[in-house]
Amino acid sequence: MFGLEKPAGRREPGGSGGFPKMASVGDFNVLSSSIPATKVELSVSCRNLLDRDTFSKSDPICVLYTQAIGNKEWREFGRTEVIDNTLNPDFVRKFIMDYFFEERENLRFDFYDVDSKSPNLSKHDFLGQMFCTLGEIVGSQGSRLEKSIVGIPGKKCGTVIVTAEELGCCRDSVLMQFCANKLDKKDFFGKSDPFLVFHRSNEDGSFTICHKTEVIKNTLNPVWQAFKISVRALCNGDYDRTIKVEVYDWDRDGSHDFIGEFTTSYRELSRGQSQFNVYEVINPKKKGKKKKYVNSGTVTLLSFLIETEVSFLDYIKGGTQINFTVAIDFTASNGNPSQPTSLHYMNPYQLNAYGMALKAVGEIIQDYDSDKMFPALGFGARLPPDGRVSHEFALNGNPQNPYCHGIDGVMEAYYRSLKSVQLYGPTNFAPVINHVARYAASVKDGSQYFVLLIITDGVISDMAQTKESIVNASKLPMSIIIVGVGPAEFDAMEELDGDVVRISSRGKFAERDIVQFVPFRDYIDRSGNHVLSMARLAKDVLAEIPEQFLSYMRVRGIKPSPAPPPYTPPIHVLQTQI
């Protein structure tokens, strides 16, 4: 997504070895892409796993957890596929992670023997786990870490091999289709059940699995379905890197029979259907034994189509405007602003929780907003002079023009409002969501996209109406970021996030996921006074926005406008008057 570079490895004075300098507010400029991270792809393999099945081998899955910064709780990051009947799995599904040079990213790999279709891990047999850091994997020789699996006392649980590969910034995908002819017959009673396994080669000459086709039953002349794979996954953007393709005969017990293999490269494949893309399938063992051996069949490339994925930045460069609106929770559950325990406490010496969240998130997101004029709203307060309750009021006191200049202008208006309004309730989100939705509904051509940042203590009163507003807004060019401040349980906010279960209202599901929830406490130190890492906060707050933005553009078939040519100042010609 973003061009990535390693920050200067300055060390803080003092401490054992010190830590690289943390990113600070304002380091993040989207168009110059200076977020100090790179993306790495983790491949996981195991050897000699525990066998938990009586009549066959284990059916392993790997689950990766990362550790939150604030409270150190482990959160599930992702899962591989399940591989049936093996104690030596090479998982195809990779984990793509942001690697922050300045942070210690703790990882935990858990392994289970899957016994049913239940996604609940407690229903499956635990096979052990391995702890490490992302830096440990990347820093190992060849970025390949081999470690013992632990966690079951008195048992040898086998080993895990995790390989990290830094991803090239290649955005092309290819759609390919293959068929085969006269493959070797491997089954006693029928023909073979062939499938293909694709591997890309690594810098050190080893191979990493990157795609498996489906199995075609009982044929020596299969035609596989076309499949799409990113060029990055196929060859990491290196067109001449070897791609090894193995042909197997599928067996129910997992001991698939090797038919043969061939090698190619992206450059060869890109010639498309031609005599150059008919490959002899060779079984080296047979070749060594039989003098008359020719091949074990042929595999032919039927089609090869390149598709370029457009990115978020293509739209930004093409002139799409991002409009950023802030909405702040002024309800009484936040506590009296004159008390130090209040989340709205007006401390003359440092920012309160709302101020910190607003500054941290706002300074990141303002890089996307060209005019830096932000509508800033409040909800849940009684307003002067008559004490009426409002769920949508302008922080600057001007409902006709609620715009504030820059994040500093928003902060100023926020502190001014705190002095003039009375915190009240209830906590209704729907009015501010509908406020932004009205604007978004008027510009659906892709020239503008709206982001609403709601900062709240998380106690919500109008859940049903909010869900309905979000479902309606999911058809519009808008996203909602909710930052939860304070110590509350944020279950309702997690539900609105819709990452686990897509949000619905009256039986109607959201067209796309448009809500991203972030608990601010995960990003501050124990004293609650300092944000630990702006770069991490930047990533997590904006993590889903580019994809949400792209999903809207894709569904509507809106392509990015071409980037305008670089500006060259006009040449002034002096005209003499006659």
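The structure this text deals with has already been given above.
Quick caveat: nothing in here was measured; it's all calculated off a predicted structure. (Residues numbered from 1 in each chain as written. Predicted model: local features only at pLDDT ≥ 70, side-chain atom pairs only at ≥ 80, totals over all residues. Heavy atoms only, no water.)

Visitor: Sorry, what's going on with the packing of helix α6 (residues 353-365) against helix α7 (residues 406-420) here?
Guide: When two helices pack together, their arrangement is given by the angle between the helix axes and by the axis-to-axis distance. Interhelical geometry of α6 versus α7 gives an angle of 160° and a closest axis separation of 10 Å. Relative to α7, α6 is oriented roughly antiparallel. In this structure, α6 crosses over α7, and the sense of that crossing is right-handed. On α7, the residues that touch Tyr354, Gly355, Leu358, Lys359, Gly362 and Glu363 of α6 are Ile407, Asp408, Val410, Met411, Tyr414 and Tyr415. Across the contact of α6 with α7, the residue classes tally to 7 nonpolar, 2 polar and 3 charged. (Axes fitted to C-alpha atoms, helices over the stretch in contact; angles between N-to-C directions. Helix = DSSP H or I, 4+ residues; strand = E, 2+ residues; numbered from the N terminus. Parallel < 35°, antiparallel > 145°, perpendicular 65-115°, else oblique. Left-handed = near helix turned anticlockwise from the far one by under 90°. Contact = heavy atoms within 4.5 Å. Nonpolar A, V, L, I, M, F, W, Y, C, P; charged D, E, K, R; others polar.)

Visitor: Even after reading the chapter, I still don't get the pattern of salt bridges, so can you show me in this structure?
Guide: Side chains carrying opposite charge are able to pair once their charged atoms draw close together. Within this structure, the stated rule accounts for 22 salt bridges. One salt bridge connects glutamate 146 with arginine 144, and the closest N-O pair in it is separated by 3.3 Å. Salt-bridge contacts for glutamate 412 lead to arginine 416; the nearest nitrogen and oxygen are separated by 3.8 Å. Residue glutamate 412 and its partner arginine 416 are both found in helix α7; the two are separated by 4 residues, about one turn of the helix. In this structure glutamate 412 comes out as exposed when scored by relative accessible area, which is 53%. (Salt bridge = Lys/Arg side-chain N within 4 Å of Asp/Glu carboxyl O. Buried < 20%, exposed > 50% of the residue type's maximum accessible area, 1.4 Å probe, protein only.)

Visitor: Would you mind going over helix α12 (residues 545-556) with me for this structure?
Guide: Since the α-helix turns once every 3.6 residues, residues separated by three or four places project in the same direction. In a regular helix each residue adds 1.5 Å, so 12 residues correspond to 16 Å; α12 covers 17 Å between its end C-alpha atoms and thus fits that length. Of the positions making up α12, those classed as buried are Ile545, Pro546, Gln548, Phe549, Leu550, Ser551, Tyr552 and Met553. Two residues or fewer after α12 comes glycine 557, characterised by a positive phi angle close to 65°. (Expected span 1.5 Å × (residues − 1).)

Visitor: Help me out: how do you make sense of the nonpolar core in this one?
Guide: The nonpolar side chains of soluble globular proteins are, as a tendency, buried together. Formed by 53 residues in total, the largest nonpolar core has its most connected members in Phe330, Ile481, Val485 and Phe520. In terms of residue count, α6 provides more of this core than any other element does, 9 residues in total. Leaving out residues up to four positions away in the same chain, isoleucine 481 has contacts with Ile365, Val451, Leu452, Leu453, Ile454, Gln516, Val541, Leu542 and Ile545. If you look at the next biggest cluster of nonpolar residues, it comprises 30 residues, including Ala327, Leu452, Ile470 and Phe490. (Core = buried A, V, L, I, M, F, W, Y, C linked by side-chain atoms within 4.5 Å.)

Visitor: What's the story with the packing of aromatic side chains in this structure? I'm lost.
Guide: The description of an aromatic ring pair rests on the distance of the ring centres and on the angle between the ring planes. If you walk through the whole model with that rule in mind, you get 20 aromatic pairs. Taking the centre distance of 6.4 Å and the plane angle of 20° together, the rings of phenylalanine 178 and phenylalanine 227 count as stacked. Within this pair, whereas phenylalanine 178 is found in strand β9 (residues 172-181), its partner phenylalanine 227 is found in strand β12 (residues 227-230), the two being separated by 49 residues in sequence. On the accessibility criterion, phenylalanine 178 (2% relative accessible area) is buried. Owing to a relative accessible area of 8%, phenylalanine 227 belongs among the buried residues under this scheme. (Phe/Tyr/Trp six-rings, centres within 6.5 Å; stacked < 30°, edge-to-face > 60°.)

Visitor: Sorry if this is basic, but what is going on with unusual backbone geometry here?
Guide: Glycine aside, residues mostly have negative phi, and peptide bonds are mostly found in the trans state. The omega torsion of the bond from proline 384 to proline 385 falls at 0°, within 30 degrees of zero and hence cis. In this structure, the amide linkage connecting glycine 425 to the following residue, proline 426, adopts the cis form with an omega of -5°. Within the fold, proline 426 resides in the loop between β23 (422-423) and α8 (430-441). With phi around 60°, asparagine 48 is a residue other than glycine that occupies positive phi space. Topologically, asparagine 48 is positioned in the loop between β1 (37-47) and β2 (60-67). If you check the backbone angles, lysine 182 has positive phi at about 50° while not being a glycine. Summarising the element assignment, lysine 182 is placed in the loop between β9 and β10 (194-201).

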